[in-house]
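Tertiary structure, described
Chain by chain, the residues run as shown.
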Amino acid sequence: MAVRCRVSIDDARDVDELAFQELPRVGESVSMPVEGSNMDLRVLRVVHMPGSEQGAATKLELTSKIL
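So, here is what we can say about the structure in this document. (Residues numbered from 1 in each chain as written. Predicted model: local features only at pLDDT ≥ 70, side-chain atom pairs only at ≥ 80, totals over all residues. Heavy atoms only, no water.)

1. Looking at the overall build of the protein chain
Defined as follows: Numbering of helices and strands starts at the N terminus; helices are DSSP runs of H or I of at least 4 residues and strands are runs of E of at least 2. To sort residues, take the accessible area from a 1.4 Å probe on protein chains only and compare it with the maximum for the residue type: under 20% means buried, over 50% means exposed, and anything in between is partly exposed. In these tables, accessible area is a Shrake-Rupley quantity obtained with a 1.4 Å probe, and a residue counts as shielded only by the protein chains included in the view.
Each helix and strand counted, the protein chain has zero helices and five strands in total. The N-to-C order of helical and strand elements in the protein chain reads β-β-β-β-β. Here the protein chain holds 67 residues, and the buried ones make up 22% of them. Only carbon and sulfur atoms are counted for the fraction: they give 47% of the accessible area of the protein chain, which is about 5,000 Å².

2. Remarks on the sheet that holds strand S2 (residues 16-20)
What counts here: In short, DSSP must find at least two bridges between two strands for them to pair. For every element, the axis is a line fit to its C-alpha atoms; helices are fit only across the contacting stretch, and the angle between N-to-C directions ranges from 0 to 180 degrees.
Spatially, S2-S1-S5-S4-S3 is the arrangement adopted by the five strands of the open sheet, whose pairing is mixed. The open sheet has two edge strands with one neighbour each: S2 and strand S3 (29-34). Pairwise comparison of adjacent strand axes, ignoring direction, gives a mean angle of 50° for this sheet.

3. Thoughts on the environment of Glu22
Take Glu22: it is sitting in the loop between S2 and S3. The spacing of Glu22 and Arg4 is 18 residues in sequence and 9.3 Å in space, taken between C-alpha atoms.

4. Some words on the side chain of Thr63
The test is simple: Side-chain atoms alone can form a polar contact between residues adjacent in sequence; in general such a contact is a pair of N or O atoms within 3.5 Å, and within protein one must be able to donate a hydrogen while the other accepts it. Whether two residues are in contact is decided by their heavy atoms, any of which lying within 4.5 Å being enough.
Mapped onto the secondary structure, Thr63 falls in strand S5 (residues 58-63). Within polar-contact distance, the side chain of Thr63 engages the side chain of Asp10 at 2.7 Å. At 3.1 Å, the side chain of Thr63 and the backbone nitrogen of Lys65 are in polar contact. Apart from residues lying up to four places away in sequence, Thr63 is in contact with Asp10, Leu41, Arg42 and Leu44.

As C-alpha cells, this is what we get:
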C-alpha cells in the first residue's frame, strides 16, 4: 500500500502530492520528477498532520542542497 505525502522542495510555496512505497525518513534521499526530469532530493523534515480529512496527512520537506 502506497503512502500519499504532500511534498515541498526548498521551502517553495507550491506543494505536490506524491505516493511512496514507504514513508521516507529524515536524511534519506528520494528521487522524484521535477520539471520533466528526475531529481535526487534529501528529506529535511517529516510532518504528520492528524485529522487531515482531505488529501495526504503527511508532509515531506525536501531540499536539493547537500546536507
